[in-house]
Amino acid sequence: SSCFQEIINCFKTEDSLAHLFDYEIYYTGHSLGGSLALLTAVKFTDQFRPHMQKNNQIKVVTFCAPRVGNDSFVEDIHSSIGRHNILNFTFGFDIV
């Protein structure tokens, strides 16, 4: 199984689910890691949406992450996580 699936399995116990969403969960990353952080946040949100208390518990903060997906995919991400919960810092003169 994948590393992501192993992490998900840790949260699937009733005791874990009862306390997991008492907190905000931040996903962060730099460059490609930022794109992966966003994709992981979307997958996690889709998996655990029924257990979440409110819609703004998942936050994504990335640094110089490349864009992910087409316009339709971005709309899905915004409806899943919320546009205001995603922040990407960039440097305008970055040559990469």
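All values derive from a computational prediction rather than experimental measurement. (Residues numbered from 1 in each chain as written. Predicted model: local features only at pLDDT ≥ 70, side-chain atom pairs only at ≥ 80, totals over all residues. Heavy atoms only, no water.)

*Asks:* Honestly, the packing of helix H3 (residues 32–48) against helix H4 (residues 71–80) in this entry has me stumped. Any pointers?
*Replies:* Each pair of packed helices can be summarised by the angle the axes make with each other and by the distance between the axes. Direction vectors running N to C along H3 and H4 enclose 55°, while the axes themselves pass 10 Å from each other. Here H4 runs oblique to H3, going by the angle between their axes. Where H3 crosses over H4, the handedness of that crossing is left-handed. Contacts between H3 and H4 pair Leu38, Leu39, Val42, Thr45 and Asp46 from the former with Phe73, Ile77 and Ser80 from the latter. Along the lines of polarity and charge, the residues of the contact of H3 with H4 split into five nonpolar, two polar and one charged. (Axes fitted to C-alpha atoms, helices over the stretch in contact; angles between N-to-C directions. Helix = DSSP H or I, 4+ residues; strand = E, 2+ residues; numbered from the N terminus. Parallel < 35°, antiparallel > 145°, perpendicular 65-115°, else oblique. Left-handed = near helix turned anticlockwise from the far one by under 90°. Contact = heavy atoms within 4.5 Å. Nonpolar A, V, L, I, M, F, W, Y, C, P; charged D, E, K, R; others polar.)

*Asks:* In this structure, what is going on with H4? I would like to understand it.
*Replies:* Side chains three or four residues apart in an α-helix point the same way, a direct result of the helix having 3.6 residues per turn. Among the residues of H4, the N-terminal cap falls to asparagine 70, whose side-chain oxygen and the backbone nitrogen of serine 72 are separated by 3.2 Å. Looking one or two residues beyond H4, the residue adopting positive phi is glycine 82, at roughly 105°. (Polar contact = N/O pair within 3.5 Å; in protein donor to acceptor, adjacent residues only side chain to side chain.)

*Asks:* So what exactly am I meant to see when it comes to the pairing of strand E3 (residues 86–89) here?
*Replies:* It is a general feature of regular strands that their side chains alternate between the two faces of the sheet. Across four bridges, the pairing between strand E2 (residues 58–63) and E3 is parallel. Paired with phenylalanine 63 across the two strands is phenylalanine 89, which belongs to E3. Taken together, E2, H4 and E3 constitute a β-α-β crossover, and its handedness is right-handed. (Pairing = 2+ DSSP bridges. Right-handed = clockwise from strand over helix to strand, strands pointing away.)

*Asks:* Which parts of the structure should I look at to understand the packing of aromatic side chains?
*Replies:* Ring pairs (aromatic) are described by centroid distance and by the angle formed between their planes. Tallying each qualifying case throughout the model produces three aromatic pairs. Relative to phenylalanine 89, the ring of phenylalanine 63 lies with its centre 5.4 Å away and its plane at 10°, an arrangement referred to as stacked. Separated by 26 residues along the polypeptide, phenylalanine 63 in strand E2 and phenylalanine 89 in strand E3 bring together distant segments of the chain. Take phenylalanine 89: its relative accessible area is 42%, and that puts it in the partly exposed class. An aromatic cluster is defined as three or more aromatic residues linked by ring pairs; in this entry it consists of Tyr27, Phe44 and Phe48. (Phe/Tyr/Trp six-rings, centres within 6.5 Å; stacked < 30°, edge-to-face > 60°. Buried < 20%, exposed > 50% of the residue type's maximum accessible area, 1.4 Å probe, protein only.)

Scope: geometric values only; no functional claims are made or implied.
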